[in-house]
Amino acid sequence: MRSEGMHWLRLVIATVLLAVGLLFTGATASVAGAVALFQTAQSAAAHCPKDVVVWVNTHTGVFHFKGQRWYAATKQGAFVCEAEALQGGMRATRNGQ
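What counts and how
- Residues numbered from 1 in each chain as written.
- Predicted model: local features only at pLDDT ≥ 70, side-chain atom pairs only at ≥ 80, totals over all residues.
- Heavy atoms only, no water.
- Helix = DSSP H or I, 4+ residues; strand = E, 2+ residues; numbered from the N terminus.
- Buried < 20%, exposed > 50% of the residue type's maximum accessible area, 1.4 Å probe, protein only.
- Contact = heavy atoms within 4.5 Å.
- Pairing = 2+ DSSP bridges.
- Phe/Tyr/Trp six-rings, centres within 6.5 Å; stacked < 30°, edge-to-face > 60°.

### Overview of the overall build of the protein
Line of reasoning, step 1. Along its length, the protein carries three helices and six strands.
Line of reasoning, step 2. Across the protein, helices and strands are ordered from the amino to the carboxyl terminus as α-β-β-α-β-β-β-α-β.
Line of reasoning, step 3. Looking at the protein as a whole, 36% of its 97 residues qualify as buried.
Line of reasoning, step 4. Across the protein, the fraction of contacts at a sequence separation of at least 24, relative to all contacts at a separation of at least 6, is 51%.

Here you go:
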């Protein structure tokens, strides 16, 4: 139970930080575990040139790969480096969408 509560709290904090960061800077925001969030895939790729850029739904913490249905298509989200997303407690989609 406590773990689920902490996960939910992290997601709420991530969403708030993303909104504030994008509102004021238009660039990145720091989220749970120092995950850098970006408005464009190009910005994320420049940050992690040897890693895969994914789209994370900041509301759920689920990320999607380029070519999948929800890549860059969720209401709340940002581009991130896959390795940083995993370290930040996010996970890949389970249904391949």
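### Concerning the pairing of strand β3 (residues 53-57)
The side chains of a regular strand alternate, first on one face of the sheet and then on the other.
Line of reasoning, step 1. Within β3, five of the five residues are buried, which leaves it mostly tucked inside the rest of the structure.
Line of reasoning, step 2. The side-chain alternation of β3 yields two buried faces, one formed by V53, W55 and N57 and the other by V54 and V56.
Line of reasoning, step 3. Two elements, β3 and strand β5 (residues 77-81), share five bridges in a ladder whose sense is antiparallel. Bridged to V56 within β5 is A78.
Line of reasoning, step 4. Relative to strand β4 (residues 62-64), β3 runs antiparallel, the two being bridged by three bridges.

### Section: the sheet that holds strand β6 (residues 91-92)
Backbone-to-backbone hydrogen bonds pair the strands of a sheet. The strands run either parallel or antiparallel.
Line of reasoning, step 1. Across the sheet, four strands lie side by side as β5-β3-β4-β6; this open sheet has mixed pairing. What marks the edges here is a single partner per strand, and that holds for β5 and β6.

### Brief notes about unusual backbone geometry
Line of reasoning, step 1. Positive phi, close to 60°, is recorded for A72, a residue that is not glycine.
Line of reasoning, step 2. Along the chain, A72 turns up in the loop between β4 and β5.
Line of reasoning, step 3. The class of A72 is partly exposed, set by a relative accessible area of 41%.

### Digging into the environment of R10
Line of reasoning, step 1. Mapped onto the secondary structure, R10 falls in helix α1 (residues 2-24).
Line of reasoning, step 2. Residues R10 and G88, spaced 78 residues apart in sequence, show a C-alpha to C-alpha distance of 9.2 Å.

### Brief notes about the packing of aromatic side chains
Line of reasoning, step 1. Here the structure, examined in full by the defined rule, presents three aromatic pairs.
Line of reasoning, step 2. Ring centres of W55 and F79 lie 4.8 Å apart, and the angle between their planes is 75°; on these two criteria the pair is classed as edge-to-face. Placement of the pair is W55 in strand β3 and F79 in strand β5, with a sequence separation of 24 residues.
Line of reasoning, step 3. Judged by its relative accessible area of 8%, W55 falls in the buried class.

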